[in-house]
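The chain contents come next:
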Amino acid sequence: MTQSGERLRRATGAAVDPGFPALKERVIARTGHNYYEDKDDLLYDRLHKRMRVRAVADCAAYLALLDGPGGRDEWATLEAEITIGETFFFRYAEQFAALRTTILPGLIEARAPSRNLRIWSAGCSTGAEPYSIAILLRDLLGDALAEWSVTILGTDLSAAALATARTAEYGPWALRTLDTEERARWFRRTPARPGLPHGGYALRPAFRRMVRFERQNLLSLIDGSERNPGTFDLILCRNVLIYFSPDHVNRIVRALAERLNPEGWLLIGHAEPNPAFAQWLRPVALPGTVAYRPADTPGGAPPPLLLPAMPAAVPLPLAPPQTVLPAKTAPVAVPIPAAPAADHPLSPGDLLAEIRVLADAGETARAWRRLHEEIDAYATNPVLRYYEGLLALDLGREREAERALRGALFLDRGFIMAHFQLGLLFARVRRRDEATRALDNALRLAQGLPAETILPEGDGVSAARLADSARRALAEIAGSGP
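The structure contained in this document is the topic of the report that follows. (Residues numbered from 1 in each chain as written. Predicted model: local features only at pLDDT ≥ 70, side-chain atom pairs only at ≥ 80, totals over all residues. Heavy atoms only, no water.)

1. Quick notes on the overall build of the protein chain
Stage number 1. Check the secondary structure of the protein chain and you find 19 helices and 10 strands.
Stage number 2. Taken across its 482 residues, the protein chain has 54% of its residues classed as buried.
Stage number 3. In the protein chain, once contacts between residues fewer than 6 apart in sequence are set aside, the share between residues at least 24 apart is 73%. (Helix = DSSP H or I, 4+ residues; strand = E, 2+ residues; numbered from the N terminus. Buried < 20%, exposed > 50% of the residue type's maximum accessible area, 1.4 Å probe, protein only. Contact = heavy atoms within 4.5 Å.)

2. Some thoughts on the pattern of salt bridges
Stage number 1. Applying the stated criterion to the full structure yields 26 salt bridges.
Stage number 2. A salt bridge links Arg185 to Asp139, with the shortest nitrogen-to-oxygen separation between them at 3.9 Å. Residue Arg185 is located in helix α9 (residues 180–186), and its partner Asp139 is located in helix α7 (residues 128–141); the two are separated by 46 residues in the primary sequence.
Stage number 3. The residue Glu374 makes a salt bridge to Arg370 at a minimum N-O spacing of 2.9 Å. Of the two residues, Glu374 and Arg370 both sit in helix α14 (residues 364–374), 4 residues apart, roughly one turn of that helix. An identical accessibility class is assigned to Glu374 and Arg370; each is buried.
Stage number 4. When salt bridges that share partners are traced, they join Asp139, Asp179, Glu181, Glu182, Arg185, Arg465 and Arg472 into one network. (Salt bridge = Lys/Arg side-chain N within 4 Å of Asp/Glu carboxyl O.)

3. Let's talk about the side chain of Ser121
Stage number 1. With respect to the helices and strands, Ser121 occurs in strand β1 (residues 116–122).
Stage number 2. Relative accessible area serves as the criterion here: at 1%, Ser121 is assigned to the buried category.
Stage number 3. Polar side-chain contacts of Ser121 include one of 2.5 Å to the side chain of Glu129.
Stage number 4. Setting aside anything within four residues of it in sequence, one finds Ser121 in contact with Glu129, Pro130, Leu153, Gly154, Thr155 and Leu236. (Polar contact = N/O pair within 3.5 Å; in protein donor to acceptor, adjacent residues only side chain to side chain.)

4. A short note on the pairing of β1
Stage number 1. Of all 7 residues in β1, 5 are buried, a share of seventy percent or more.
Stage number 2. Two elements, β1 and strand β2 (residues 149–156), share 7 bridges in a ladder whose sense is parallel. Bridging across to β2, Trp120 finds its partner in Leu153.
Stage number 3. Between the parallel pair β1 and β2, the chain is carried across by α7, and the sense of this crossover is right-handed.
Stage number 4. Bridge count between β1 and strand β7 (residues 232–237): 3 bridges; the pairing is parallel. Counted as the bridge partner of Trp120 is Ile235 from β7. (Pairing = 2+ DSSP bridges. Right-handed = clockwise from strand over helix to strand, strands pointing away.)

5. Some remarks on helix α19 (residues 463–479)
Stage number 1. A rise of 1.5 Å per residue sets the reference length of α19, with its 17 residues, at 24 Å; its end C-alpha atoms lie 24 Å apart and thus fit the reference within 8%.
Stage number 2. Turning to α19, its buried residues are Ala463, Arg465, Leu466, Ala467, Ser469, Ala470, Arg471, Arg472, Ala473, Leu474 and Ile477.
Stage number 3. Looking at the packing, one finds that the buried side of α19 touches α9, α17 (416–428) and α18 (432–447). (Expected span 1.5 Å × (residues − 1).)

6. Concerning the packing of aromatic side chains
Stage number 1. Within the structure shown, the criterion is met by 10 aromatic pairs.
Stage number 2. Between Tyr386 and Phe415 the ring centres are 4.9 Å apart and the planes differ by 40°, which places this aromatic pair in the tilted class. Of this pair, Tyr386 sits in helix α15 (residues 382–394) while Phe415 sits in the loop between α16 (398–411) and α17; the two residues are 29 residues apart in sequence, bridging distant segments of the chain. For the residue pair Tyr386 and Phe415, the accessibility class agrees, reading buried in each case. (Phe/Tyr/Trp six-rings, centres within 6.5 Å; stacked < 30°, edge-to-face > 60°.)

7. Digging into the environment of Asp394
Stage number 1. Examined against the element boundaries, Asp394 turns out to sit in helix α15.
Stage number 2. Residue class for Asp394 comes out buried when judged on its relative accessible area of 11%.
Stage number 3. A sequence separation of 222 residues divides Asp394 from Pro172, and the C-alpha atoms of the two residues are 5.1 Å apart.
Stage number 4. Residues within four places of Asp394 in sequence aside, it is in contact with Gly171, Pro172, Trp173 and Thr364.

8. A closer look at the pairing of strand β5 (residues 200–203)
Successive side chains on a regular strand alternate, one facing one side of the sheet and the next facing the other.
Stage number 1. Of the two faces of β5, both are covered, the one formed by Gly200 and Ala202 as well as the one formed by Tyr201 and Leu203.
Stage number 2. The pairing of strand β3 (residues 169–170) with β5 spans 2 bridges and is antiparallel. Residue pairing for β5: Glu169 is matched across the bridge by Ala202.
Stage number 3. Where strand β4 (residues 187–190) and β5 come together, 4 bridges link them in antiparallel fashion. Counterpart to Thr190 in the pairing with β5 is Gly200.

Rendered as structure tokens:
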């Protein structure tokens, strides 16, 4: 299909199929995903993918299939398809900083007499969130972890996402905020296989066995069908509530509050707080984020800090500002931006959102193709060039990743994350001098910002954390020898 034909199908499919409204109504009623109430084209795109796979002609035929023999399995597949599972390790650095320095240390102190901790990651997608919690707890408790009973439960509506979570093997996209040292400590490289043609990263067993997974729709909290009764010391329900209607959100949050242990904690997405939650929860302001505790939790001083042992950041002298230059061998041309196309149907933000949805669902190759259908119209957009580079890295296309990241820096020389990712790329292919220059640039720029500044396109990474990661990467390069 031509690009213009694909755009036309995406723009008109929902409008011209007379069976779409009934199918949409059933999907929203079953899943609670009011997110799609005003996103017909996005929902139709997802439905159309399943209709092609099942070789049905239209929405009415697909709804008949869902209602017929085998419909239960198809519903499970469709629910996985329409659930946008954006996930990566240590997503939202501010919240993980709060978990590391305040929430988990306080819970460890409070539960020390019983040595029992119960944690629930609701809407965990492919498992990066509960596994990130497992990594933090092992860092915080150290050898004492063996003396504790720790339950970390991950639940999600998508059976496919949970299958990936149980496998605990990821591509570079899910690890994009981690530096080389963190990847080596927490993961091992795996060989190429279907779905990961250039290999992946398998979570080490010490972390993997700390988490168990179950399938659950959060609507079960309010319709009486919940299969996971019990209470928890920490519940994470981040970027899940956006799918539901306001009434469902309030009822779900009330149910979550009822499942918190005394002095427990609830974390939700940055865009999801609501003053109505004060009926059941007390908001607690923490640096860069807001957390919730049961309404009857007394206030007072925050819990004492308990920091895990982390590798020391080795301060290095800064190189003077330099432009990252291409290698003397095998040079890569930087694309010269063309004028953007006029009257383009997608904004850069809409295109980026679509690309991230595909990549976060594990469809990196499809995201790459989709971006390349449109990228020429946004040749002067450094953010899209940056994501072109990240997708290329995930697909093992190092030269194309280098060209895209250089293109992003050509357009924005102060793009810290592009300097950093380019430095990591050079380090992986043993181009030490270029890696040092790119990482020095990232470090210098990050140190010029307030420590708590959240970096553009850093997925919550602060300037301070990026600087520490750049120092560790530089120290590794310096110690690796010629």
